[in-house]
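Chain by chain, the residues run as shown.
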Amino acid sequence: MELENHSTLISIDSLLDEKMLTIRRERVLLDSDIADLFQIPISQLHRKVRNNIERFPKQFMFKITSEELRKISQLDLPKRKIIYVFTWGGIMMVAGHIRT
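Let us look at the structure shown here.

Thresholds, definitions, all that
- Every residue gets a number counted from 1 within its own chain, in the order that chain's sequence is written.
- Reporting in this predicted model follows two pLDDT cut-offs: at least 70 for local features of residues, and 80 or more for side-chain atom pairs to be given and counted; totals over whole chains, interfaces and linings ignore these cut-offs and use all residues.
- Note: side-chain values were computed over all heavy atoms of the structure, leaving out hydrogens and water.
- One requirement defines pairing of two strands: DSSP has to find at least two bridges between them.
- Going along the chain from the N terminus, every DSSP run of H or I of four or more residues is numbered as a helix, and every run of E of two or more is numbered as a strand.
- Simply put, an axis is a line fit to the C-alpha atoms, just over the touching stretch for a helix, and the angle between two N-to-C directions goes from 0 to 180 degrees.
- Two residues qualify as a contact provided that any one of their heavy atoms is within 4.5 Å of a heavy atom in the partner residue.
- A simple rule labels every residue: compare its accessible area, found with a 1.4 Å probe on the protein chains alone, to the largest value its type can have, and call it buried under 20%, exposed over 50%, or partly exposed in between.

Taken together, the four strands give an open sheet; going across it, the order is S1-S2-S4-S3, and neighbouring strands pair in antiparallel fashion. Strands at the two margins of the open sheet, each flanked by one partner only, are strand S1 (21-23) and strand S3 (61-64). Strand after strand, the sheet turns through a mean of 50° between neighbouring axes, direction not considered. Contacting strand S2 (26-30) and strand S4 (83-86), helix H5 (residues 88-98) runs over the sheet at an angle of about 105° to S4.

Assignment of secondary structure puts leucine 21 in strand S1. Between the alpha carbons of leucine 21 and threonine 87 there is a distance of 9.8 Å; along the sequence they are 66 residues apart.

Helix H2 (residues 31-38) sits mainly inside the fold: six of its eight residues count as buried. Two residues or fewer past H2, glutamine 39 is found with a positive phi of approximately 55°.

So, on to the pairing of S2. The pairing of S1 with S2 spans three bridges and is classified as antiparallel. Along S2, the bridge assignment pairs threonine 22 with arginine 27. As consecutive antiparallel partners, S1 and S2 are separated by two residues, and within that stretch arginine 24 has a phi angle of approximately 55°, a positive value. Both S2 and S4 contribute to a ladder of two bridges, which runs antiparallel. For leucine 29, the partnering residue across the bridge sits in S4 and is phenylalanine 86.

Okay, here's the thing in structure tokens:
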């Protein structure tokens, strides 16, 4: 059983590594990728962040524009007004708030 948990962690870690982007010299993960990881709608993720905004300083999370993201990543994303990106610290903070 312990090996199964270990391999699951390795799989998640590999998945996150593939999705990480470097924006403003920070390794970050898009809000949409975090929502997919936790299997929740982006709107729920944004609500959790808004309700706990004091727990998300700039070193954990910041907003970028869809145009800024397109320039950096060449991803074809739907246009959204707000796109959050999260550093490792922010991802851990989100994990704690999603599960509550």
